[in-house]
Amino acid sequence: MTGRHEDRFDLGPAILFCPADRPERYPKAAARADAVILDLEDAVLPGDRADARWALLANPQDPARTVVRVNPAGTEDFALDLACLAETDYRYVMLAKSEGPEQVRALADYRVIALCETALGVVNAPAIAAEPNVVALMWGAEDLIASLGGTASRHDAATGLGAYRSVPAQARAQVRLAAGAHGKAAIDSVYLDLQDTVGLAAEVGDAVAQGFSATACLHPAQAEVIRAGYRPTADQIAWARGVLDEAERQTGAFRYQGLMVDEVVLKKARLLAARGEPVATASPAGDTEA
């Protein structure tokens, strides 16, 4: 089962969270990222969410490049968020702490990005991905670990960075597989160290290698690092074009630069060639404001 054509994910690779109660940041976020998530949940204090909804209504953004993250299904804030959304043109909704298909069915009029960030949400990811209005799954490491009573999602507990521990690593893979099994996009989790562009670039490279469609981020300076990571390098473009050119002169499997090329390799080459212009290096900006 796959999503309907009109519900395919087309937001681009760098998706930036922006607190919905900070409308002065909306334009900057939109200028720096491929798409913006206006956040009514964790980025806004509970007492400020009414003001955040008013800001959302008073400062409309491009619906084609804007996602609204709503509070978990069943909460009072969720109902108020939906009432607010009904007064807007936004069609992309991120459902925080998605835990079952019945929750995304309540958002039938929207293109849903289901955020699987609890144990139940990760376990139910395949059923959630099967829903027709779900266009993507995202996973969240920190909320997942907190919901399990844990204290660190990564091995370097002092900084919170380093490689993921076994449970979040499994959750990441499980959500990726669930999305892929149902033809939906997969969005990788945020990278918390805003200064570590090298670590972010490495994690983005790993996400690209495993077929993620996008990576979420918390700061405008991270967006271009993510964009660069999802674009092929000059060497990758040259290899892909060389393989495809050689395939025009061959029948069946053939050898190219020491590699046996069959249909699986040709599929990879077509994917790289279709991703657009190459980029040599990322050029992270020095902004300090989100």
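Residues numbered from 1 in each chain as written. Predicted model: local features only at pLDDT ≥ 70, side-chain atom pairs only at ≥ 80, totals over all residues. Heavy atoms only, no water.

A. Local environment of the confidence of the model for the chain. Overall, the predicted model of the chain reaches an average pLDDT of 89, with 90% of residues at or above 70. Across residues 1-6, confidence stays below pLDDT 50; counting only partners more than four residues off in sequence or on other chains, it has 13 contacts. Note that residues 278-288 has pLDDT below 50 and, in this model, 22 contacts with residues that lie over four places away or in other chains. (pLDDT = per-residue confidence, 0-100. Contact = heavy atoms within 4.5 Å.)

B. Examining the state of the cysteines more closely. Per the counting criterion, the structure on display carries zero disulfides. Sulfur of cysteine 18: no disulfide; nearest cysteine sulfur belongs to cysteine 217 and is 11 Å away. According to the relative accessible area criterion, cysteine 18 is buried, its value standing at 2%. Cysteine 116 carries a free sulfur, and the closest cysteine sulfur to it, the one in cysteine 217, is 20 Å from it. Of the residues examined, cysteine 116 reaches a relative accessible area of 0% and is grouped as buried. (Disulfide = S-S within 2.5 Å. Buried < 20%, exposed > 50% of the residue type's maximum accessible area, 1.4 Å probe, protein only.)

C. Quick peek at the packing of aromatic side chains. In the structure shown here, the tally under the stated rule is one aromatic pair. Ring centres of tryptophan 139 and tyrosine 164 lie 5.1 Å apart, and the angle between their planes is 65°; on these two criteria the pair is classed as edge-to-face. With tryptophan 139 in strand S6 (residues 134-139) and tyrosine 164 in strand S8 (residues 161-164), this pair connects stretches of sequence that are 25 residues apart. For tyrosine 164, a relative accessible area of 13% puts it in the buried group. (Phe/Tyr/Trp six-rings, centres within 6.5 Å; stacked < 30°, edge-to-face > 60°. Helix = DSSP H or I, 4+ residues; strand = E, 2+ residues; numbered from the N terminus.)

D. Representation of the side chain of arginine 176. Here arginine 176 lies in helix H8 (residues 166-181). Beyond its immediate stretch of four places on either side in the chain, arginine 176 contacts Ala186, Gln210, Gly211 and Phe212.

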